[in-house]
Amino acid sequence: MNQYRIDPSKGLEFGIYTLGDHVPDPKTGKSTSPQERIQQIIEYAKLAEQAGLDFFSVGESHQNYFATQAHTVVLAAIAQATSKIKIGSTATIISTSDPVRVYEDFSTIDLISNGRAEIVAGRASRVGLFDLLGYNVHDYEELFEEKFDLLRLINEQEVVNWSGEFRAPLRNAKVIPRPLNGSLPIWRAVGGSPASAVKAGFAGVPMVMAHLGGPASVFKRTVDVYREAARKAGHNPDELPVATAGFFYAAETSQQALQEFYPYVNESMMKSNGQGFHRQLFMQGSDPHHIINAGSPQQIIEKILYQHELFGHQRYIAQIDLGGMPFDQVKRNIELIGTEILPAIKKYTKKSEGGK
Amino acid sequence: MMKVVGLSGTIVGSKTKTAVDYTLKTIAEKYPGTETKLIDLAEYQVQFSDGRNYLDYEGDTGMITRAIMDADVLIIGTPIFQASIPGTLKNIFDLLPQYALKDKVVSIVATAGSSRHFLVPEQQLKPILTYLKAQLVQNYVFIEEQDFYRKEIVNDDVKFRIERLAEDTMMLAETYANIREAAYNEL
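Residues numbered from 1 in each chain as written. Chains lettered and ligands numbered in written order. Predicted model: local features only at pLDDT ≥ 70, side-chain atom pairs only at ≥ 80, totals over all residues.

(A) Fine view of the interface of chain B and chain A. With 12 residues of chain B at the contact, the number on the chain A side is 16 residues. A per-class count over the side of chain B that touches chain A returns seven nonpolar, one polar and four charged. (Contact = placed C-beta atoms within 7 Å. Nonpolar A, V, L, I, M, F, W, Y, C, P; charged D, E, K, R; others polar.)

(B) The packing of helix α1 (residues 15-30) of chain B against helix α5 (residues 156-183) of chain B, seen in detail. Residues and elements named next belong to chain B. Contact pair α1 / α5: the axes reach a minimum separation of 9 Å and the direction vectors enclose 60°. Put simply, α1 runs oblique to α5. Classified by chirality, the crossing of α5 by α1 is right-handed. Along the contact surface, α1 presents Y22, T23, T26, I27 and K30, while α5 presents I162, E163, L165, A166 and M170. Residue composition of the contact of α1 with α5, grouped by class: six nonpolar, two polar and two charged. (Axes fitted to C-alpha atoms, helices over the stretch in contact; angles between N-to-C directions. Helix = DSSP H or I, 4+ residues; strand = E, 2+ residues; numbered from the N terminus. Parallel < 35°, antiparallel > 145°, perpendicular 65-115°, else oblique. Left-handed = near helix turned anticlockwise from the far one by under 90°.)

(C) Geometry of unusual backbone geometry. Residue and element names in this part refer to chain A. A91 follows T90 through a cis peptide bond whose omega is -5°. The step from I176 to P177 runs through a cis peptide bond, and the omega angle for that step is 0°. Phi angles above zero are rare outside glycine, and N114 is one such case at about 60°. Residue placement: N114 occurs in the loop between α3 (99-112) and β5 (117-122). Judged by C-beta crowding, with 11 C-beta atoms within 10 Å, N114 ranks as exposed. One non-glycine residue, N172, lies in positive phi territory at about 45°. Along the chain, the position of N172 falls in strand β7 (residues 170-174). We classify N172 as exposed; it has 7 C-beta atoms within 10 Å. (Buried ≥ 20, exposed ≤ 12 C-beta atoms within 10 Å, placed from the backbone.)

(D) The arrangement of the pairing of β7 of chain A in detail. All names here are of chain A. Taken across its five residues, β7 has zero buried, putting it largely on the surface. Pairing analysis gives three bridges linking strand β6 (residues 159-162) to β7, with the strands arranged antiparallel. In the strand pairing of β7, V160 is matched with A173. (Pairing = 2+ DSSP bridges.)

(E) Inspection of the nonpolar core at higher detail. L53, M207, V208 and M209 of chain A are the most contacted members of the largest nonpolar core, which totals 98 residues. Tallying contributions element by element places strand β10 (residues 242-250) of chain A first for this core, with seven residues. Excluding anything up to four places from it in sequence, L53 of chain A contacts F14, G15, I16, A48, I85, I337 and L342 of chain A. Grouped together as the second largest cluster of nonpolar side chains are 47 residues, L41, V46, V137 and F142 of chain B included. (Core = buried A, V, L, I, M, F, W, Y, C linked by C-beta atoms within 7 Å.)

(F) Layout of helix α2 (residues 59-70) of chain B. All names here are of chain B. The end-to-end C-alpha separation of α2 is 17 Å, in line with the 16 Å expected for 12 residues at 1.5 Å each. All of the buried residues along α2 are T61, I64, T65 and I68. Viewed along the axis of α2, the buried residues span an arc of 95°, placing them on a single side of the element. Opposite the buried face of α2, by more than 90 degrees, sit the exposed residues G59 and D70. Among the structural elements, β1 (3-8), β2 (35-40), β3 (73-79) and α3 (87-95) are those in contact with the buried residues of α2. (Expected span 1.5 Å × (residues − 1). Arc of directions from axis to C-beta.)

(G) Representation of the environment of A166 of chain B. All names here are of chain B. Within the fold, A166 resides in helix α5. C-beta crowding within 10 Å serves as the criterion here: with 26 such atoms nearby, A166 is assigned to the buried category. Measuring from C-alpha to C-alpha, the distance between A166 and K17 comes to 16 Å, with 149 residues separating the pair along the chain. When neighbours within four sequence positions are excluded, A166 is seen to be in contact with T23, T26, I27 and K30.

(H) Here's a closer look at the environment of L132 of chain A. Relative to the elements of secondary structure, L132 of chain A occurs in helix α4 (residues 128-133). Separated by 88 residues in the primary sequence, L132 of chain A and Y44 of chain A place their C-alpha atoms 29 Å from one another.

(I) Focus on helix α7 (residues 216-232) of chain A. Between its first and last C-alpha, α7 of chain A extends 25 Å over 17 residues, near the 24 Å set by a 1.5 Å rise per residue. Of the residues one or two after α7 of chain A, G234 of chain A is the one with positive phi, at around 90°.

(J) Representation of the pairing of strand β1 (residues 13-18) of chain A in the model. Residue and element names in this part refer to chain A. Summarising burial for β1: six of the six residues are buried, a large majority. In β1, alternate side chains face the same way, and those of E13, G15 and Y17 on one face and F14, I16 and T18 on the other are all buried. Bridge count between β1 and strand β12 (residues 315-319): four bridges; the pairing is parallel. Looking at β12, one finds that F14 is bridged to Y316. As paired elements, β1 and strand β2 (residues 55-58) share four bridges and run parallel to each other. Bridge pairing in β2 places I16 opposite F56. Once you follow β1 into helix α1 (residues 34-50) and on to β2, the crossover reads as right-handed. (Right-handed = clockwise from strand over helix to strand, strands pointing away.)

This is the structure we're talking about:
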């Protein structure tokens, strides 16, 4: 775990991620400018650090209703504005980028942040960026696998010899600057499907597993096949961190949490994928075994501890600022995490208390 | 306002389009508050599904997937090809996401050259619609070649059946909408 800058004896890591949603508030119709939204996200990272959180990450989306297309630039600003919190991407769409440039960017962010940068590489759920950036969507799978492999190779070797299908060959290519401590934590973003988890496990790469809804137990299978694939390929699963990522909203009661959260989740899904979140499914979110972490602080603590017992994961990252949610609501959540939720999570997952 | 989309699922012939169009006009007449739209696949160039999000299709294909996803009610018109639905119609379903028809009421109007095809919509089309989570109107209107003359329906029995289908469809759509509102009004 050391290689990935994770110390499990300190308990479950708790982080925040944003996809950079930039959507008018569905309740009021009010909109922020792209500038305001980007400033909010930088502010969000500072607040997360002040609340004692371990990690903050920003996603890359090139479609309408998002503000962080240039997520590495936003991360650089966050690197400068913070001093302790680890920072990363959720996710960097490696398929439509040059791994050399991505590595240069993140190494630089690592130097700016004094060794706090990480990469989570993903494949994109929407495909408009393939046209925008000049790639063929029919190469969706292969583009990711080839570029992800190259990114990892650059992380392992300063001088790279490589050839592939989607990029000019590299001959004795020196990729600099190098990260502060020689290498970066590089994770693979995995959606709900176990197939992608198998690939991550097989390659011995840490996994960030994103989930929208459903019983936590369903996602246990994905974690299991990931570790099993890693073991079969000769990697030690105990050395490979797993992070989970999903919706989070805390309020005084579970009913209030669901009511306040729903319009923004629904709007975010509607704007990003064209299908809202079904109300019937969302209302099941208050169940202690449901993967959505919405409820009172105490209920959320119990949910996260249950998930930790189930998955044995090393990091949980929460998505709160969806679908045009007013920033004050986001701030209140950070406050509740910092004052009530985080101390309890750390207390119960520290190694001495039986955590992994 | 209820949005009703009628889909004529073939690029061959005129009977299916005539039947869907007649159904939409019946609905528009009896339910003045509804917005109806006919999509006749014969008028569009639709690409094959390649698995992308329905919003990522452009041109005619994107227009059609969006119109269907935005609808509250769908009237699906299908002829019978080789004992099944035409590939053009299956492709429309393939373009849509999982759960695409959840909370939508869907009705079927089928046209055929022979009464021997009567069970084809039941056995070939309904399972797809059910998989997409449609609220189905169980009865469908099955119309034969002899019921048309020069692009018009000439059998009163067919017209009566379409009227009943229109009524069942709209009654179900309104009822389900009210039930959902009552059941999930907390959110």
